[in-house]
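# Chain and residue survey
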Amino acid sequence: MGVVTPGTSMQADAEFNLKKQVSKLFVEAWEDNGVVSLLSKHNVINVEDKLSQETGGVTVNMYNLVRHDSKGTRGDGDAYGIAVRQQYGDRSLTIDRLMSTISFPRQGTLAQQIAAFNLGEGVSANLSNWNAALIRSSILHHLAGCNANSILVTDAAQTAFTGGELVNATGFNTVTAPSTIYKAYGSKAALANDQAVTSSHPLTFGDLQQAVLNIHDIKAGVPMFNPLKGYSYRYIALVSMTALMQLVQDASTNNFNIRELVYNTIAGGKAAPDLAYYQVPSLSMLLVGVPDHEMPRGVNSSTSAPQANTRRAIVVGQNAIDVAFGKGFKPNGGKVLKGFNLLFDDQHKKNNFETFVTSVALWGCKKTQLLGQDGNRYDNAAYVITHYSAN
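Here goes a summary of the coordinates provided. Source: prediction; values computed, not measured.

About the criteria used
- Residues numbered from 1 in each chain as written.
- Predicted model: local features only at pLDDT ≥ 70, side-chain atom pairs only at ≥ 80, totals over all residues.
- Heavy atoms only, no water.
- Core = buried A, V, L, I, M, F, W, Y, C linked by side-chain atoms within 4.5 Å.
- Buried < 20%, exposed > 50% of the residue type's maximum accessible area, 1.4 Å probe, protein only.
- Helix = DSSP H or I, 4+ residues; strand = E, 2+ residues; numbered from the N terminus.
- Contact = heavy atoms within 4.5 Å.
- Salt bridge = Lys/Arg side-chain N within 4 Å of Asp/Glu carboxyl O.

### Here we look at the nonpolar core
Counting residues in each nonpolar core, the largest one holds 88 residues, and the members touching the most others are Leu39, Ile139, Leu143, Ile236, Leu238 and Leu287. If one sorts the elements of this core by residue count, helix 4 (residues 120-144) sits on top with ten residues. Those residues within four positions of Ile236 in sequence are excluded, and the remaining contacts are Leu39, His42, Val44, Leu228, Leu286, Val288, Ile314, Val315 and Val316. Among the nonpolar cores identified, the runner-up in size contains seven residues, and Val58, Met62, Leu93 and Leu362 belong to it.

Here it is in structure tokens:
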């Protein structure tokens, strides 16, 4: 494929148009990408820009402070000789190129098409939606610790990602199982594995309560669960729409439930809340509904296959996942754009009625795991619940 790049015979207006198209692609695939945008604005996603990195298949190193560990000293003393050296942990992720080439009818001559870089709204939206679907899949599967051997991303492909192509749907990094996971208990007994989840184990308000209790129980030797800062709630709970309906239908009498909270809100003279984006007052938690097909399933512990009739709910705090972007499009003398580029085929002469364009996203993501004082790595701010779901 011949690629039109700045510095060949590109006119100034063509470069401006290409920059505009690439900027639009980034905004629609990242900044306006539903649940991903929500998580980014809440600092759940830790973004690292490596805009000098032009190639894929490389490792990006990120660093964090290990929890301060000292018994302290009493009385006065000089700093020299008693200082405890600050310790740093390191973590890494791989960034690579996610590419897709499409063709569409050419408007005008080949020269006109290359000069204008006018994708049209339909083509541009298709590329944005495709990238957005795989970015959402990658982030949600890492947060859920869904290390299944097959992932179906229906918004991006009609068949499941398996084998070597699996990392296309997991941000080019292998998903690790949750270091903290809780099986929806139903009868108050925790379940041994995801395949033990049955129709008797829908998501309940009690499961969310138990999650908060367990999060507060994460103690010595491991990174403390990092709550959100600057908001009136400390956690975000990502749940499928089916799980959201299960919470609404939960009529448990041994504790609060969503139904009672909503009824009390209405009885107090306020409008009924939007449950797909609902702040749960008694849990300091923002409840966010996600389409069923986007939420990861449980994982069969014997076969590593996605477990049918299950979904995972995810409770997250701050800095739960790492994302890194490489170098995107760079106009002559201008600022490098983050991660995304569009490459046009200027050599294809076989069919003069088609234009070929390749969308490129140079990026990667991986769940944030920090080094504990016991030498093991733990999820920084992600807690997972597996529950029943017929969808």
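Now that the structure is up, let's keep going.
### Quick notes on the pattern of salt bridges
One pass over the structure, following the stated rule, counts ten salt bridges. One salt bridge connects Arg91 with Asp322, and the closest N-O pair in it is separated by 2.4 Å. Taken together, the positions of Arg91 in strand 3 (residues 88-105) and Asp322 in strand 13 (residues 321-325) put the pair 231 residues apart, joining distant regions of the chain. We classify Arg91 as buried; its relative accessible area is 12%. Taking the shortest distance from any N to any O, the salt bridge between Arg312 and Asp194 comes out at 2.7 Å. A residue pair is termed long-range when its members are at least 10 positions apart, and Arg312 in strand 12 (residues 310-316) and Asp194 in the loop between strand 6 (181-183) and helix 5 (205-217) qualify at 118 residues.

### Notes on the side chain of Asn380
With respect to the helices and strands, the residue Asn380 is situated in the loop between strand 17 (377-379) and strand 18 (382-388). Among all residues touching Asn380, those that are not within four sequence positions of it are Pro223, Met224, Phe225, Asn226, Gln318, Asn319, Thr368 and Leu370.

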